[in-house]
Amino acid sequence: MSDRIAVLPQYLLPKQALTSFAGRMASARAGQLTTAVIRRFVARYGVDMSEAANPDIASYATFNDFFTRALRPGLRPLANAAVVCPVDGAVSQIGSIEQDQIFQAKGHLYSTAALLGGDAEMAAQFQDGSFATIYLSPRDYHRIHMPCDGRLVRMDHVPGALFSVNPTTARGVPGLFARNERVVCLFETPLGPMALVLVGATIVGSMATVWHGQVNPPRTGQPRRWDYGDREVVLRQGDEMGRFLLGSTVVLLFPRGAVQFMPGWEAARPVRLGEAMAHRCGI
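Remember, predicted model here, so these are calculated numbers, not experimental data. (Residues numbered from 1 in each chain as written. Predicted model: local features only at pLDDT ≥ 70, side-chain atom pairs only at ≥ 80, totals over all residues. Heavy atoms only, no water.)

Novice: An account of the sheet that holds strand 1 (residues 83–84) is requested, with residue identities and associated values reported.
Specialist: The strands that make up a sheet are held in pairs by hydrogen bonds between backbone atoms, and each pair lies either parallel or antiparallel. The antiparallel open sheet is built from three strands, whose spatial order is 1-18-16. Where the open sheet ends on each side, the last strands, each with one partner, are strand 1 and strand 16 (259–261). Bridging between strand 1 and strand 18 (residues 276–280) involves two bridges; their strand directions are antiparallel. Among the inter-strand pairings, Val84 is bridged to a residue of strand 18, identified as Ala276. (Pairing = 2+ DSSP bridges. Helix = DSSP H or I, 4+ residues; strand = E, 2+ residues; numbered from the N terminus.)

Dropping the structure here:
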């Protein structure tokens, strides 16, 4: 079966309704039922609870509490690198931005402007730059950390579809990451501007950042923007910056000549928070 045929049912599913329902269920305090659901999830996806700061499944009041669980302190030390991996997951794609085109999967490209909500001025900062797309599977740790030091410039919530973001869907849905709902965070960094994009997906009930809290819902259907130019929101490399309430994908954009990715960073490579991801060009 081709990937295009495999994803056809997603076009027909009531993805918004499913996502809203999943969000309500994930935040429900249902006692033993919640514990049973978490146990089933852990078994189904092979979640390694020994890595959790709190490994006791029965102590989580909601599924969201479990899903956004913290790691044991010291479990993901930061490498000595200009850019470290911001999440646990697997590389979806990585490489150079060709003018304004980002490689999604065989036969599929999308533009930086489309990813960034149609903002051509922001997109121009990443012309011929570099990108990395990292997929977080259900079993992964779902907090997102800073790959380098950064000062927040602005945050945009871009409404969109809620397709799954697994590898099959990435191969089967054109422009997937520029079609789905997303939260775009623009930072000033020692490497120049950096965009860190949180991409939503089916049953991703919410995305949140440490400086704002829950960004969605609400889902108003209209783009929303928050400017931080007059505020000092500064995060250091390795600091938590946000989280997914149910899993998804992050996309990183860097300007031309800023970074060179480490050898071996390629599609399908498993990655872990804190490992060396890239060094500054010229060093």
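Novice: Mind laying out the sheet that holds strand 6 (residues 143–145), listing which residues take part and the relevant values?
Specialist: Overall, antiparallel pairing links the four strands, which are arranged 6-14-10-11 in an open sheet. Looking along the sheet, the strands with just one partner apiece sit at the ends: strand 6 and strand 11 (213–216). Each adjacent strand pair in this sheet contributes to an overall mean axis angle of 25°, direction not counted. Taken together, the four bridges between strand 10 (residues 206–209) and strand 14 (residues 240–245) define a ladder with antiparallel strand orientation. Paired with Met207 across the two strands is Phe244, which belongs to strand 14. (Axes fitted to C-alpha atoms, helices over the stretch in contact; angles between N-to-C directions.)

Novice: An account of the nonpolar core is needed here, citing residue identities and associated values.
Specialist: Across soluble globular proteins, nonpolar side chains have a tendency to be buried as a group. Judged by nonpolar contacts, the single largest core of 39 residues is most densely connected at Phe187, Trp211 and Met241. Not counting residues up to four positions away in its chain, the partners in contact with Phe187 are Met146, Gly150, Arg151, Leu152, Val153, Gly192, Pro193, Met194, Leu196, Trp211, Leu235 and Met241. The next biggest cluster of nonpolar side chains, apart from the first, holds 26 residues, and it includes Phe163, Ala178, Val251 and Leu253. (Core = buried A, V, L, I, M, F, W, Y, C linked by side-chain atoms within 4.5 Å. Buried < 20%, exposed > 50% of the residue type's maximum accessible area, 1.4 Å probe, protein only. Contact = heavy atoms within 4.5 Å.)

Novice: Explain helix 4 (residues 32–45) residue by residue, including any values.
Specialist: Under the 1.5 Å per step criterion, the end-to-end length of helix 4 is 20 Å for 14 residues, consistent within 8% with the ideal 20 Å. Within the span of helix 4, buried status applies to Thr34, Thr35, Ile38, Phe41 and Val42. Viewed end-on, helix 4 has its buried residues packed into an arc of 125°, placing them on one side of the element. Opposite the buried face of helix 4, at more than 90 degrees from it, the exposed residues are Gln32, Leu33, Arg40, Ala43 and Arg44. Looking one or two residues past helix 4, Gly46 carries a phi angle of roughly 70°, positive in sign. (Expected span 1.5 Å × (residues − 1). Arc of directions from axis to C-beta.)

Novice: I'd like to hear about the packing of aromatic side chains, residue by residue, with values.
Specialist: Applying the stated criterion across every chain yields a total of ten aromatic pairs. On the basis of an interplanar angle of 65° and a centroid distance of 5.4 Å, the ring pair of Phe63 and Phe66 is categorised as edge-to-face. One end of the pair is Phe63 and the other is Phe66, both in helix 5 (residues 63–67) and three residues apart, which spans about a single turn. When sorted by exposure, Phe63 lands in the same class as Phe66, which is buried. Look at Tyr110 and Phe177: their rings are 6.1 Å apart centre to centre, the planes differ by 65°, and that puts the pair in the edge-to-face class. Residue Tyr110 is found in strand 4 (residues 108–111), and its partner Phe177 is found in helix 9 (residues 176–179); the two are separated by 67 residues along the sequence. For the pair Tyr110 and Phe177, a shared accessibility class is recorded, and that class is buried. The rings of Phe41, Tyr45, Tyr60, Phe63, Phe66 and Phe67 are connected pair by pair, giving a single aromatic cluster. (Phe/Tyr/Trp six-rings, centres within 6.5 Å; stacked < 30°, edge-to-face > 60°.)

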